[in-house]
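Examining the three-dimensional arrangement
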Amino acid sequence: MILVAAVLVGLVAGLCRAWIGKRKYRAYELKLPILVLIAFLPQYFIFFAPRTRVLIPDNIVRVLFVLSMLLLLVFSILNIRKTCFWLIGLGFLSNFVVILLNGGLMPISLETAETISAKSGTALEVGQRFGYTKDIILAPETIKLAFLSDRFVINRFLGYNIAFSLGDVLISAGMIWLLWTLGGAPKASLKEFANE
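Rules and cut-offs
- Residues numbered from 1 in each chain as written.
- Predicted model: local features only at pLDDT ≥ 70, side-chain atom pairs only at ≥ 80, totals over all residues.
- Heavy atoms only, no water.
- Helix = DSSP H or I, 4+ residues; strand = E, 2+ residues; numbered from the N terminus.
- Rg over C-alpha atoms; globule rule 2.2 N^0.38 Å.
- Buried < 20%, exposed > 50% of the residue type's maximum accessible area, 1.4 Å probe, protein only.
- Contact = heavy atoms within 4.5 Å.
- Areas by Shrake-Rupley, 256 points an atom, 1.4 Å probe, with all protein chains shown as cover.
- Salt bridge = Lys/Arg side-chain N within 4 Å of Asp/Glu carboxyl O.
- Expected span 1.5 Å × (residues − 1).
- Phe/Tyr/Trp six-rings, centres within 6.5 Å; stacked < 30°, edge-to-face > 60°.
- Core = buried A, V, L, I, M, F, W, Y, C linked by side-chain atoms within 4.5 Å.

1. Concerning the overall build of the protein chain
The number of helices and strands found in the protein chain is 8 helices and 4 strands. N-terminal to C-terminal, the α/β element order of the protein chain is α-α-α-α-α-β-α-β-β-β-α-α. For 196 residues, the compact-globule formula gives about 16 Å, and the C-alpha radius of gyration of the protein chain, at 18 Å, lands near that figure. Along the first, second and third principal axes, the C-alpha set of the protein chain runs to 55 × 35 × 30 Å. Looking at the protein chain residue by residue over its 196 residues, the buried ones come to 40%. Residue pairs at least 24 apart in sequence account for 66% of intrachain contacts in the protein chain once pairs closer than 6 positions are excluded. Accessible area of the protein chain: about 11000 Å², with a carbon and sulfur share of 70%.

Okay, structure coming up:
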């Protein structure tokens, strides 16, 4: 959810920047952008699509999620010459490592899970997957690299309570930067991207 908000903020800011400067909002060539789509497809089926997410066993969910995150990391590395991808890549790396070290799902503490699902009335237990999300509920002392887990909370964000990680913050900042840059003048954008 925080990543969707970041894309919207960056896009609006970039479009406003282009409009104020009386320029066209430019598309920027990225290396192998198809990897993003390929990485998103398994996540759609294992986390969002109501018919498939109930059918896919947790062990398959874990494998698909790790592979999906690996593809996003590869995409970031392929585009690392663009300065904003240092943030995006670091965010994907942070998320990938914490997910990998905690069994293939993003760890979330029981306390954080209870905070974001306070009104649902659902009983939560350590060791269970948090609904159909990418998270697994773990005791704080068992979470490997807990500072990278879904530990930050925003209440009532677009009608939802959400938890997110430091990696999500870095990815969001990088996405806002990338989309803002595309509204700039071509020469300015080249300097902002750096090392092109």
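2. Some points on the pattern of salt bridges
Overall, the coordinates contain 3 salt bridges when judged by the stated rule. Notably, a salt bridge pairs Arg-129 with Asp-58, separated by 2.9 Å at the nearest N-O pair. Of the two residues, Arg-129 is situated in the loop between helix 6 (110-116) and strand 2 (135-138) and Asp-58 in helix 4 (residues 58-78); the sequence distance between them amounts to 71 residues. By relative accessible area, Arg-129 is classed as buried at 10%. Here Lys-134 and Asp-150 are joined by a salt bridge, their closest N and O atoms 2.6 Å apart. Placement of the pair is Lys-134 in the loop between helix 6 and strand 2 and Asp-150 in the loop between strand 2 and strand 3 (152-157), with a sequence separation of 16 residues. The class of Lys-134 is partly exposed, set by a relative accessible area of 24%. Given a relative accessible area of 0%, Asp-150 falls into the buried group.

3. Some details on helix 1 (residues 2-20)
In this model, helix 1 (19 residues) spans 27 Å end to end at C-alpha, consistent with the 27 Å of a helix rising 1.5 Å per residue. All of the buried residues in helix 1 are Ile-2, Ala-5, Ala-6, Gly-10, Gly-14, Arg-17 and Ala-18. Among the residues trailing helix 1, Lys-22 stands out with phi positive, at a value near 55°.

4. What about helix 4?
Taking 1.5 Å of rise per residue, the 21 residues of helix 4 would be expected to cover 30 Å, and the 30 Å separating its terminal C-alpha atoms lies within 8% of that figure. By the burial criterion, the buried members of helix 4 are Val-61, Phe-65, Val-66, Ser-68, Met-69, Leu-72, Leu-73, Phe-75 and Ser-76.

5. Topic: the packing of aromatic side chains
The geometry of an aromatic ring pair comes down to the distance between the two centres and the angle between the two planes. The full count for this structure, using the stated rule, is 6 aromatic pairs. Considering the side-chain rings of Phe-152 and Phe-164, the 5.8 Å spacing of their centres and the 35° angle between planes classify their relative orientation as tilted. Here Phe-152, found in strand 3, pairs with Phe-164, found in strand 4 (residues 160-164); they are 12 residues apart in sequence, far enough to count as distant. Residue classification places Phe-152 among the partly exposed residues on the basis of a relative accessible area of 31%.

6. Quick look at the nonpolar core
Phe-65, Met-69, Phe-85, Phe-92 and Ile-99 are the most contacted members of the largest nonpolar core, which has 26 residues in total. Look past the residues within four positions of Phe-65 in its chain and what remains in contact with it is Gln-43, Ile-46, Phe-47, Ile-99, Gly-104, Leu-105, Met-106 and Lys-134. Among the nonpolar cores identified, the runner-up in size contains 7 residues, and Ile-116, Leu-124, Ile-137 and Ala-163 belong to it.

7. Focus: the environment of Leu-35
With respect to the helices and strands, the residue Leu-35 is situated in helix 2 (residues 34-48). Taking the relative accessible area as the measure of exposure, Leu-35 reaches 12% and is therefore buried. What Leu-35 contacts, discounting residues up to four positions off in sequence, is Leu-71, Val-74, Phe-75 and Leu-78.

8. Topic: the environment of Leu-73
Within the secondary structure, Leu-73 is located in helix 4. Along the backbone, Leu-73 and Gly-91 are 18 residues apart, and their C-alpha atoms lie at a distance of 8.9 Å.

Any functional reading would require information beyond the geometric quantities listed.
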